[in-house]
Every structure is written in structure tokens, then in C-alpha cells.
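Observations on chain architecture
Residue-level listing of the chains:
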Amino acid sequence: MRVVERFSADTEGVAQRLRDGMAKGVLSFPLTSFRDDGGLDLESYRAYLTAQVATAPGALFPACGTGEFGALDEDEYRAVVRTAVEAAGGRLPVVAGTGYGWAQALRFARIAEEAGADALLVMPHYLVAAPQDGLVEQLRRIAAGTRLPLIAYQRGQVTFNADGVRRIAEIPGVIGLKDGHSDLDRLQRLTLAAPGGFLFFNGAATAEIQARAYSTVGVPAYSSAVHAFAPEIADAFFAALRDGDDAVTRRLLRDFYVPLVELRDRVPGYAVSLVKAAARLRGLPVGPVRAPLTDPCPGDLADLEQVLDAGLDLVGAPRHRSA
């Protein structure tokens, strides 16, 4: 019982910090910096994180999908999370990624706990689809083995129904759900089934494209891959959406976000590869992606530069951004 009581107190505090952060800004999913030889570049990563934190996002989510969690070994993961915690300096919550099966997820969870993370994003398990009982048990086992609050992530083969959401919300330490399916009918049912205070996040790829639609079903908070390379654009869109400035929202969608998504859809993995390439175009020290991802070909890179320049011009931001 003592564990549950401690868990509940910590959990509510983290949930409230996330709630406050979601109301004031986008959620930052930072890239992980690698050298040209593929090694982890912690010095560059630290400089890049400092620049991300300076833009005051709602929260920092290191070592998640955009941060190439699946390409990190445990020692690298420890260094990435610890560096993010140091960069945040207690000014915003740090939610580290974890995943694979529950046993492996717990190994990473315990590393994140030791590194000082505030919570965990439980990314989809590997390969196989699973019934609701299994998805619930997966989270139950992870929650039982860590003091950190958990956010479930439904994407790919992970899909919760209303009963599943009710059940995971009853697990001590599970505070929310990030949705990457963009099935708004289903998502509306999930938000209605969840208890008050349960957090929901828009986790669609290039989430700004669907941010208005998600808001209509009660999910205004979203992760922004664009923030990883152009926080000026991401923040301008967030402000326009928050303030009901439809003209600015439509202009950014039409002239930047839609062309970016069309480019993203050309090659599998571009949802991360293009983000890293755009960061490099701005002079940010993030390096290449790791296999199985590939960096953009020269033609796509040239198109990306045009799209990026158009977006920066829309918000009056400089082409180059120093970390």
C-alpha cells in the first residue's frame, strides 16, 4: 500500500505539471545527436537541448520516436535521458521513451528513473498485435516495476478500446494516452470513457495537420516534430490555434505543413529523417540518422530546403539557427 500511496502523490504532481505545460506550449520531442561515424555525440546533443529548452516548450520527451529510441543501446539511452534532465533543469517535465516487451521496457524504465526523468512514454511493443487484456497487462507490469508515471502510446499494432482505456486509467501510475491513429470517432469514445483528469495527447505524424480536428474531440495538446528544427514555426502555429487566428493557421498549414507532409510521405522513415535534415539545414548539431532510417536524397533535400525557407519566411525567422 505504501508504494501505491507514494506512486499516487508523485503521479498527480507530474500530471499537473504536464497539464500546465500542455496549456502553454507544444511538446518537444528532441532529436538525438549522432556523429558521422554513427556514434552518440553528447556534446552536440547538450547544445541542441539547451536551444530546445530555451524556447519554453510544454515538456521535453527525449529518446522517443523522433529521438530514435529504437536505435539506442542502454548506455546511450542513459546518457541521453540524463543529459535531457540536466538541460531541463527542473523548468519543465522530462518524459523519456521506453518500449519493446514489458521486460525490456522495465529495464529502460529503471534507467530513466535513475537518470532523473519525471515520467515515461510507453511506445508500441514490437511486431505482434495483441488483445485488450494483453495491452492492459503490459502496462500493469511496467507500472508495477517503476516509480515513474506512464503515458501509453497507441500507434501501429497498439489500439485501445473504451473498456481498455477505463482499465489502464485504473492502474496506479498511468496518467494518460498519446494517440497516433487519428481515428477521431474512436478517440472521442476513449475521451468519454476515461476518468476526469486523464491526459490525452495528439501524437499524429506532423500533428499540426490534425490539431484542429483533435481539439474538437477534447484533445488540444500535441507533440510537434517541427519544434525539433523550427520552434519559431511550431510556436507561431500553436499561438494562432490557441488564439483562434484562422488566417494564420490556414496560411501555415497551406504553405508549410501540407508541403512538408507531402514530402514526408515520399519515403518510409522520412517522419524522422526529414526532421533531422531540416535541423542540419538550420545549423543545428544533430548529425545523421541511424539505420534502418536513411537520410534524404539530394533531390528531396533540395525540396525540403524550399519548404523550410517558405515556413521560416511566413513567421519572419532566420534561415540559420545556432544551438
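Here's what I pulled together on the structure shown here.

What counts, and at which threshold
- Residues numbered from 1 in each chain as written.
- Predicted model: local features only at pLDDT ≥ 70, side-chain atom pairs only at ≥ 80, totals over all residues.
- Heavy atoms only, no water.
- 1 Å grid on protein atoms, 1.4 Å probe; cavity = no way out; pocket = protein on both sides within 12 Å on 5 of 7 lines; lining within 4 Å.
- Points joined across faces, edges and corners; volume = space filled by probe spheres on them.
- Helix = DSSP H or I, 4+ residues; strand = E, 2+ residues; numbered from the N terminus.
- Nonpolar A, V, L, I, M, F, W, Y, C, P; charged D, E, K, R; others polar.
- Buried < 20%, exposed > 50% of the residue type's maximum accessible area, 1.4 Å probe, protein only.
- Patch = residues over 30% accessible without salt bridge, like charges linked within 9 Å, V, L, I, M, F, W, Y side chains within 5 Å.
- Areas by Shrake-Rupley, 256 points an atom, 1.4 Å probe, with all protein chains shown as cover.
- Salt bridge = Lys/Arg side-chain N within 4 Å of Asp/Glu carboxyl O.

Points about empty space enclosed by the protein
One simple way to see leftover space: roll a probe sized like a water molecule over the atoms. Under the criterion given, the structure shown has two cavities of 30 Å³ or more. Estimated volume of the largest cavity: approximately 90 Å³. Lining the largest cavity are V122, M123, P124, H125, L135, Q138, L139, A152, Y153, V158 and F160. Taken together, the elements giving at least two residues each to the lining of the largest cavity come down to α5 (132-144) and β5 (150-154). Looking at which element gives the most residues to the lining of the largest cavity, the answer is α5, with three residues. Counted by class, the lining of the largest cavity contains nine nonpolar, two polar and no charged residues. Put simply, the second largest cavity is a space of about 30 Å³. Contributing to the lining of the second largest cavity are L27, F29, F61, L121, K178, F201, N202 and S223. In terms of residue class, the lining of the second largest cavity is built from five nonpolar, two polar and one charged.

Quick notes on unusual backbone geometry
Note that the residue after A291, namely P292, is joined by a cis bond; omega there is 15°. Locating P292 in the fold gives a position in the loop between α11 (270-281) and α12 (298-315). Its identity is not glycine, yet L127 carries a phi of approximately 75°, on the positive side. Owing to a relative accessible area of 61%, L127 belongs among the exposed residues under this scheme.

With respect to a nonpolar patch on the surface
Together, Y126, L127 and V128 line one region of the surface with nonpolar side chains, adding up to about 370 Å² of accessible area. Looking at the secondary structure, you find Y126 in the loop between β4 (119-122) and α5. We classify Y126 as exposed; its relative accessible area is 62%.

Concerning the layout of surface pockets
The space that makes up the largest pocket amounts to roughly 1,100 Å³. Of all elements in the fold, only β8 (223-224), α10 (246-264) and α11 reach the threshold of two or more residues within the lining of the largest pocket. Broken down by element, the residue count for the lining of the largest pocket peaks at five residues, all from α11. For the second largest pocket, the calculated volume is near 230 Å³. If you go around the second largest pocket, you meet 14 residues; those closest to its centre are M22, A23, V219, P220 and A221. The class makeup of the residues in the lining of the second largest pocket is 10 nonpolar, two polar and two charged.

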